[in-house]
Structures are given as C-alpha cells and as structure tokens.
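A structural walkthrough
Below are the chains, spelled out letter by letter.
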Amino acid sequence: MLQHDNARPHVARICTQFLEAENIPVLAWPAYSPGMSPTEHVWDTLDRRIRQRVPVPVNTQQLRTAIEEEWTNIPQATINNLINSMQMVATPDIDPQYSKTPFMYIEKVLDL
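Described in the following lines is the structure provided in the data block. If you're wondering where the values come from, they're calculated on a predicted model, not measured in any experiment.

With that settled, the discussion passes to the overall build of the chain. Secondary structure assignment for the chain yields five helices and zero strands. When the helices and strands of the chain are placed in sequence order, the string is α-α-α-α-α. Relative to its full complement of 112 residues, the chain shows a buried share of 21%. When contacts within the chain are restricted to residue pairs at least 6 apart in sequence, those whose partners lie at least 24 apart make up 47%. Put simply, the chain shows about 8,500 Å² of open surface, and 56% of that area lies on carbon and sulfur atoms.

Structural data, given as structure tokens:
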C-alpha cells in the first residue's frame, strides 16, 4: 500500500497508470493534508535530529551518512508514538455534507 500527498506529480496519469499496472493500492488521503501524514512527521523528526548533530553535515556525503545514521537511530517507539498521536483524519466518504471542510470527516488513520 502506498500513501502520497496527492501532489500533482503523484496523481498524474502516468503515475496512476503505473500504480494500477503494478497492482499497488493507494491509501485514500485528502489533498493538502501533510500535517495528517505520519510520514511527514517522521521526516520532521529526522530533519531535527540531523540539524542537532555536531558538527552539522557540510557536504553531500556527510549529509547522506547523517541521514542513514539518524534514520536507523530513530527508535521504533518514536515512530509508533507519531502514528498513535495522529489527529483524526478527513475521510470524504463518511458524510458528504462536510465536503467544503474535509477535516470534519472523522476516521482514525489506523482504521482506514
């Protein structure tokens, strides 16, 4: 299963056709909702960890090494906490009367 942010390049016909051809299901997700994505929160955690390094990476190779090291050092408990602390997610097929305010649709991320 794939989750993406519905950015134009991700929903382009060629991408959609590829995912369908490869039988890759896509998680239904409201557009323009990066704050509801556990992936975005993990990237934020990774970014903060890299910026706190001393010394800060100064070239591409150092940055790559820092990313790999920090990625493997993020405790699974941290990732679980990010997922479990997610706000309720907008789901447009629950009640169409809220179509103008998608965040009114309520369904837990893990129940999708």
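Let us keep going from here.
The next point concerns the packing of helix 3 (residues 38-51) against helix 5 (residues 76-84). When two helices pack together, their arrangement is given by the angle between the helix axes and the distance between those axes. Relative to each other, helix 3 and helix 5 sit at 140°, their axes nearing to 9 Å. The angle between helix 3 and helix 5 falls in the class oblique. Seen along the crossing, helix 3 lies across helix 5 with a hand that is right-handed. Judged by residue contacts, P38, H41, V42 and T45 of helix 3 engage T78, I79, L82 and I83 from helix 5. A class-by-class count of the residues in the contact of helix 3 with helix 5 yields five nonpolar, three polar and no charged.

With that out of the way, let us pick up the packing of aromatic side chains. In the structure shown here, the tally under the stated rule is one aromatic pair. For the pair W43 and W71, a centre-to-centre distance of 5.8 Å together with 35° between the ring planes defines the contact as tilted. Here the residue W43 occupies a position in helix 3, and W71 occupies one in helix 4 (residues 60-73), the gap between them amounting to 28 residues.

What follows deals with unusual backbone geometry. The omega torsion across V54 and P55 is 0°, close enough to zero to call that bond cis. The topology assignment puts P55 in the loop between helix 3 and helix 4. Despite not being glycine, N23 shows a phi value in the positive range, around 55°. Along the chain, N23 turns up in the loop between helix 2 (13-21) and helix 3. With relative accessibility at 66%, the residue N23 sits in the exposed group.

Rules behind the numbers
- Residues numbered from 1 in each chain as written.
- Predicted model: local features only at pLDDT ≥ 70, side-chain atom pairs only at ≥ 80, totals over all residues.
- Heavy atoms only, no water.
- Helix = DSSP H or I, 4+ residues; strand = E, 2+ residues; numbered from the N terminus.
- Buried < 20%, exposed > 50% of the residue type's maximum accessible area, 1.4 Å probe, protein only.
- Contact = heavy atoms within 4.5 Å.
- Areas by Shrake-Rupley, 256 points an atom, 1.4 Å probe, with all protein chains shown as cover.
- Axes fitted to C-alpha atoms, helices over the stretch in contact; angles between N-to-C directions.
- Parallel < 35°, antiparallel > 145°, perpendicular 65-115°, else oblique.
- Left-handed = near helix turned anticlockwise from the far one by under 90°.
- Nonpolar A, V, L, I, M, F, W, Y, C, P; charged D, E, K, R; others polar.
- Phe/Tyr/Trp six-rings, centres within 6.5 Å; stacked < 30°, edge-to-face > 60°.

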